[in-house]
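# An overview of the molecular structure
Here is what each chain is made of, one letter per residue.
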Amino acid sequence: MELWYTEEHTKNVRFSIKVDKQLVSVKSDFQRIDIFESQEFGRFLTLDGFMMLTEKDEFIYHEMITHIPMAVNPKAKKILVIGAGDGGTVRELVKYEHIERIDMVEIDKMVVDVCREYLPKTANKLDDERVCIYYEDGLKFVRSKTDEYDIVIVDSTDPFGPGEDLFTREFYGNCFNALKEDGILVNQHESPYYEADAKATARANKQLRAVFPFATVYQLHIPTYPSGHWLFGFASKKYNPVGDLKADEWNKFGIETRYYNTELHKGAFALPNYVKDLIK
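Everything numeric here is computed off the predicted structure, so don't read it as measured data.

Among the secondary structure elements, N73 is positioned in the loop between α1 (58-72) and β6 (78-83). When sequence neighbours within four positions are dropped, the list of residues in contact with N73 reads D150, D182, I184 and Y239.

What follows is the structure, encoded as structure tokens:
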């Protein structure tokens, strides 16, 4: 008997991975959490049946959501991470020795607990002394913060279910207030390719543009996400992500990466015309 994980990317498109075994399946107060083992992608995490990460390609997502803003403001010392219960974003951030504090806000403690046990490759830095984990709603947490963070990284699920409130103008406005005068916000922005995902991308970018003086998107390739073509949003009170790139300063850190580099950084913001049209 063969076991396959299948995700419906659209009503007409499905994506499947052959599974060796299912390691865990639990239901939290917020969502169903599953971890599978596969030959091709190693272990992978799904929430409510949707792919969150695989051991094989998660480095792409986590490097690009982290090192892009850090290379624009390499002096950033206080970071807020919303979501990111798998620990991959924190793992990348702790590579910067000068960062003083990382506040991580995750609504579902069970996601963190499961990832600590079954995905140690991503969750192995959550106990760093600079990391403070808050198990609460990210929207409510950020409301009380003013002029506090250099960078806010929103490593959220899709814009429905537990992650829905993290794609609203209210939330982006609260992030704006939580950031210092030169603050940067980076967030998960969906895919521009399939129609439903593209609409979510356009909505998210429109909301960001209504709040921040500078807001755009950048792209990356993640094989296990719908269409493989994925976007992150970049918004800032001050910085242009290409014009203000501190390439020399970032490269002096000597941080080891498998996907990100400062040449790729520039190219990630060179968008296909259909994406430009989407976020006009």
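What follows picks up the thread again.
Another aspect to go through is the UniProt feature "active site" (unreviewed entry) in the protein chain. According to UniProt, the feature "active site" (unreviewed entry) maps to D155 in the numbering used here. Ignoring any residue separated from it by four or fewer positions in sequence, one finds D155 in contact with Y61, H62, I65, I82, G83, A84 and T89. Only 2.6 Å separates the side chain of D155 from the side chain of Y61, close enough to count as a polar contact.

Core analysis: the largest hydrophobic core is formed by 63 residues, its most contacted members being L45, I79, Y218 and F232. Per-element tally for this core: the top contributor is α1, with nine residues. There are two domains that each give this core at least three residues, and those are domain 1 (3-52) and domain 2 (57-279). If we ignore the near neighbours within four places in the chain, the residues touching F232 are Y61, M64, I65, V186, N187, Q188, H189, T216, V217, Y218 and L220. If you look at the next biggest cluster of nonpolar residues, it comprises 21 residues, including F141, F171, Y172 and L179.

Before going further, it helps to examine the domain arrangement of the protein chain. When the parts come together, some accessible area is lost, and that loss is often what is quoted as the size of the interface. Examined at the domain level, the protein chain breaks down into domain 1 (3-52) and domain 2 (57-279). Its C-alpha centre places domain 1 at a distance of 23 Å from the equivalent point of domain 2. In this complex, domain 1 contributes 22 residues to the contact, which on the side of domain 2 involves 20 residues. Overall, the association of domain 1 and domain 2 removes approximately 1,800 Å² of surface from exposure, summing both partners, and the carbon and sulfur fraction of that is 74%. Of all residues in domain 1, H9, F30 and M52 bury the most surface against domain 2, accounting for 25% of the area lost on that side. Applying the counting rule to domain 1 against domain 2 returns four residue pairs in polar contact (both at pLDDT 80 or more). When residues of the side of domain 1 that touches domain 2 are traced back to their parent elements, those giving at least two are β1 (3-10), β2 (13-27), β3 (32-38), β4 (42-47) and β5 (50-54). Tallied by class, the residues present in the side of domain 1 that touches domain 2 amount to 15 nonpolar, four polar and three charged.

Running from amino to carboxyl end, helix α6 (residues 169-178) crosses helix α7 (residues 195-211) at an angle of 40 degrees, the nearest separation of the two axes being 9 Å. The orientation of α6 with respect to α7, classified from their angle, is oblique. The interaxial crossing formed by α6 with α7 has right-handed handedness. Counting all contacts with α6, which are made through R169, Y172, G173 and F176, the residues of α7 involved are A204, Q207, L208, A210 and V211. In terms of residue class, the contact of α6 with α7 is built from six nonpolar, two polar and one charged.

This part is about the sheet that holds strand β11 (residues 214-221). Within a sheet, neighbouring strands are paired by backbone hydrogen bonds and run either parallel or antiparallel to one another. Taken together, the seven strands give an open sheet; going across it, the order is β8-β7-β6-β9-β10-β12-β11, and neighbouring strands pair in mixed fashion. Unpaired on one side and paired on the other, β8 (131-134) and β11 mark the two borders of the sheet. Shown here is a sheet whose adjacent strand axes are inclined to one another by a mean of 15 degrees, direction ignored. Sheet topology note: the β11/strand β12 (residues 229-236) ladder contains eight bridges and is antiparallel. Its bridge partner being in β12, V217 is matched across the sheet by G233. Most of the contacts of α6 go to strand β10 (residues 179-188), to which it runs at about 140 degrees, and overall it touches β6, β9 (149-155) and β10.

Across all of its chains, the model carries 16 aromatic pairs by this definition. Between the aromatic rings of Y193 and Y274, the centroid separation amounts to 6.5 Å while the plane-to-plane angle is 80 degrees, which identifies the pairing as edge-to-face. A residue pair is termed long-range when its members are at least 10 positions apart, and Y193 in the loop between β10 and α7 and Y274 in helix α10 (residues 273-278) qualify at 81 residues. Note on F234 and F269: the rings are 6.0 Å apart at their centroids and 85 degrees apart in plane angle, and the pair reads as edge-to-face. With F234 in strand β12 and F269 in the loop between α9 (262-268) and α10, this pair connects stretches of sequence that are 35 residues apart. On the basis of relative accessible area, F269 is assigned to the buried category, the value being 14%. Among the aromatic residues, those joined into a cluster by ring pairs are Y61, Y218, Y225, W230, F232, F234 and F269.

What follows is about the environment of Y135. Its place among the elements puts Y135 in the loop between β8 and α5 (138-143). On the basis of relative accessible area, Y135 is assigned to the partly exposed category, the value being 33%. Separated by 127 residues in sequence, Y135 and T262 have C-alpha atoms that sit 34 Å apart. Dropping the residues within four chain positions of it, Y135 is found in contact with E106, K109 and V112.

Cut-off values and rules
Residues numbered from 1 in each chain as written. Predicted model: local features only at pLDDT ≥ 70, side-chain atom pairs only at ≥ 80, totals over all residues. Heavy atoms only, no water. Helix = DSSP H or I, 4+ residues; strand = E, 2+ residues; numbered from the N terminus. Contact = heavy atoms within 4.5 Å. UniProt positions renumbered as here; feature names shortened; annotations may be inferred. Polar contact = N/O pair within 3.5 Å; in protein donor to acceptor, adjacent residues only side chain to side chain. Core = buried A, V, L, I, M, F, W, Y, C linked by side-chain atoms within 4.5 Å. Buried < 20%, exposed > 50% of the residue type's maximum accessible area, 1.4 Å probe, protein only. Domains from an automatic or database assignment. Buried area = accessible area lost by both parts, 1.4 Å probe. Nonpolar A, V, L, I, M, F, W, Y, C, P; charged D, E, K, R; others polar. Axes fitted to C-alpha atoms, helices over the stretch in contact; angles between N-to-C directions. Parallel < 35°, antiparallel > 145°, perpendicular 65-115°, else oblique. Left-handed = near helix turned anticlockwise from the far one by under 90°. Pairing = 2+ DSSP bridges. Phe/Tyr/Trp six-rings, centres within 6.5 Å; stacked < 30°, edge-to-face > 60°.

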